[in-house]
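Now for the letters of each chain:
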Amino acid sequence: MSDEQMSDEPATTKGPSRRAFLRNGALAGAGLVAGGTAARAATPDPLITEVQDWASAFGDPVDAAPYGTPIRFESHVVRRNVEWLTESPVSSINFTPIHALEGTITPQGCAFERHHSGAIELSKADYRLMINGLVDQPLVFTFEDLLRFPRATTTAFLECAANGGMEWGGAQLEGCQFTQGMIHNMEYIGVPLKVLLAEAGVKPEGKWIYAEGADASSNGRSIPMEKAMDDVMVAFFANGEALRKEHGYPVRLVVPGWEGNMWVKWLRRIGVYDAAVETHILQVSR
Ligand SMILES: Nc1nc2c(c(=O)[nH]1)N[C@H]1C(S)=C(S)[C@@H](COP(=O)(O)O)O[C@H]1N2
Ligand SMILES: [Mo]
């Protein structure tokens, strides 16, 4: 655009007016798009000019998918495993497709999984949570019991301590799904652990908790009482729906800001002790 074409704009000594500036910007922007659009518009685009199949017949009725999954065109957005990484897929990890997601919340369906002995199927009816050790009153909660306590909501990311490990020995795989994908971020709803600990009554000597899962590995981990009494949550919903099986259904521990292996899934017991319980340390277990 020449200066002459711009002559309807009032001349100022301070340079182009704001209106001229905005108009130039808009035209420049349009110019970029117009390059492509103009080339296409030279011949009729059947996607514009023809009536398409999807406009000529009915689509799916309601209830075609009572609990929906992504449309098939998004089938590349999935967790991916690296087969040579571990000896067996039941004690392994896969990776979140972080390159293909937007925003801050990770859908459960493609949030990475890390199991030491496979994802177990544990029903709410068979669920029990025991709190024992250095407490005034050892307790066992059913799932229904947990639902009766006051709830909290927290959004937190979980990162496996091994995230980034695919690059420790030099670049081995391309793509941030594999190099950084041992991470997810969800909105959890559950009961603050401190509420349940108060119900049992922690004795003054109780300085650590030991959280244990119901799976064969148990993934037992020790957490200092200070953290346990802070923002740790016994969670049963993630992103608005029940926890998925692979993320610990029906109940998992949420330990905001602390490494993923503390977030015990299929949580079955919280022991209160005067010191950290050392377990599973003969092998490195991330
Ligand atoms: N019971 C149990 N809890 C567990 C594990 C496990 O194998 N069993 N793996 C831990 C590890 S190492 C990580 S990184 C996270 C992974 O959580 P996710 O599978 O929901 O991504 O769960 C942790 N909690
Ligand atoms: Mo982990």
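Residues numbered from 1 in each chain as written. Chains lettered and ligands numbered in written order. Predicted model: local features only at pLDDT ≥ 70, side-chain atom pairs only at ≥ 80, totals over all residues. Heavy atoms only, no water.

Per an unreviewed UniProt entry, the protein is named Sulfite dehydrogenase, and its organism is Gemmobacter caeni.

Looking at the overall build of the protein
Counting its secondary structure elements, the protein contains six helices and 13 strands. Looking at the protein residue by residue over its 286 residues, the buried ones come to 37%. The contacts of the protein with a sequence gap of at least 6 include a subset with a gap of at least 24, amounting to 68%. On the protein, roughly 17100 Å² of surface is accessible, and the fraction owed to carbon and sulfur atoms is 56%. (Helix = DSSP H or I, 4+ residues; strand = E, 2+ residues; numbered from the N terminus. Buried < 20%, exposed > 50% of the residue type's maximum accessible area, 1.4 Å probe, protein only. Contact = heavy atoms within 4.5 Å. Areas by Shrake-Rupley, 256 points an atom, 1.4 Å probe, with all protein chains shown as cover.)

A look at the layout of surface pockets
Take a probe with the size of a water molecule and roll it over the atoms, and the empty space left behind shows itself. In this model, the second largest pocket occupies a volume close to 240 Å³. If you go around the second largest pocket, the residues you meet are Gly68, Thr69, Pro70, Glu74, Val77, Leu101, Pro107, Gln108, Gly109, Cys110, Glu241 and Arg244. (1 Å grid on protein atoms, 1.4 Å probe; cavity = no way out; pocket = protein on both sides within 12 Å on 5 of 7 lines; lining within 4 Å. Points joined across faces, edges and corners; volume = space filled by probe spheres on them.)

What to know about the pairing of strand β5 (residues 139–142)
Pairing analysis gives four bridges linking strand β4 (residues 128–133) to β5, with the strands arranged antiparallel. Within β5, the position partnered with isoleucine 131 by the bridge is leucine 139. Between β4 and the antiparallel strand that follows it, β5, lie five residues. (Pairing = 2+ DSSP bridges.)

Brief notes about the nonpolar core
Grouped burial of nonpolar side chains is what soluble globular proteins tend to show. In terms of nonpolar packing, the biggest core is built from 51 residues, with Leu253, Leu267 and Ile270 touching the most fellow members. Looking at this core element by element, the count peaks at five residues for strand β10 (residues 233–238). Beyond its immediate sequence surroundings of up to four residues, leucine 253 is in contact with Ala211, Ile223, Val232, Met233, Val234, Met262, Trp263, Val264, Leu267 and Ile270. (Core = buried A, V, L, I, M, F, W, Y, C linked by side-chain atoms within 4.5 Å.)

Looking at the sheet that holds β5
Reading across from one edge, β5-β4-β13-β8-β9 is the order of the five strands in this open sheet, with mixed pairing throughout. Bordering the open sheet on either side are β5 and β9 (221–224), each of which pairs with just one other strand. With strand direction ignored, the average angle separating the axes of adjacent strands in the sheet is 20 degrees. Inspection of the sheet shows strand β8 (residues 208–213) paired to β9 by four bridges, in the antiparallel sense. Note on β9: the bridge partner recorded for alanine 211 is arginine 221. Packing of helix α5 (residues 193–200) onto the sheet brings it into contact with β4, β5, β8 and β13 (267–273), and relative to β4 it is tilted by some 60 degrees. (Axes fitted to C-alpha atoms, helices over the stretch in contact; angles between N-to-C directions.)

Section: the packing of aromatic side chains
Taken as a whole and judged by the stated rule, the model has six aromatic pairs. When the centroid spacing of 5.5 Å and the interplanar angle of 65 degrees are considered together, the rings of phenylalanine 95 and phenylalanine 178 count as edge-to-face. On the criterion of sequence distance, the pair formed by phenylalanine 95 in strand β2 (residues 92–95) and phenylalanine 178 in helix α4 (residues 176–180) is long-range, its members being 83 residues apart. Of the two residues, phenylalanine 95 and phenylalanine 178, both sit in the buried class. (Phe/Tyr/Trp six-rings, centres within 6.5 Å; stacked < 30°, edge-to-face > 60°.)

As for α5
All of the buried residues in α5 are Leu193, Leu196, Leu197 and Ala200. The buried residues of α5 occupy an angular sector of 100 degrees when projected down its axis, which confines them to one face. In the stretch just after α5, glycine 201 is the one whose phi turns positive, near 80 degrees. (Arc of directions from axis to C-beta.)

Observations regarding the pattern of salt bridges
By the definition in use, this model includes seven salt bridges. Arginine 148 serves as the salt-bridge partner of aspartate 145, at 3.0 Å between the closest nitrogen and oxygen. Across the pair glutamate 212 and arginine 268 runs a salt bridge, and its minimum N-O distance is 2.5 Å. Taken as a pair, glutamate 212 in strand β8 and arginine 268 in strand β13 lie far apart in primary sequence, 56 residues in all. Look at glutamate 212 and you get buried, because its relative accessible area is 13%. Residue arginine 268 is classed as partly exposed on the basis of its relative accessible area of 37%. Three or more residues are tied together by salt bridges with common partners; here these are Arg79, Glu113 and Glu246. (Salt bridge = Lys/Arg side-chain N within 4 Å of Asp/Glu carboxyl O.)

Here we look at unusual backbone geometry
Residue proline 250 is bonded to the preceding tyrosine 249 through a cis peptide linkage, with omega at 5 degrees. Tracing the sequence through the fold places proline 250 in the loop between β11 (241–242) and β12 (252–254). Residue aspartate 63 is not a glycine yet carries a positive backbone phi of 75 degrees. Position of aspartate 63 relative to the elements: it lies in the loop between α2 (46–49) and β1 (80–81). Taking the relative accessible area as the measure of exposure, aspartate 63 reaches 64% and is therefore exposed. Located in the positive-phi region is tryptophan 266, a residue other than glycine, with phi close to 50 degrees. Mapped onto the elements, tryptophan 266 comes out in the loop between β12 and β13.

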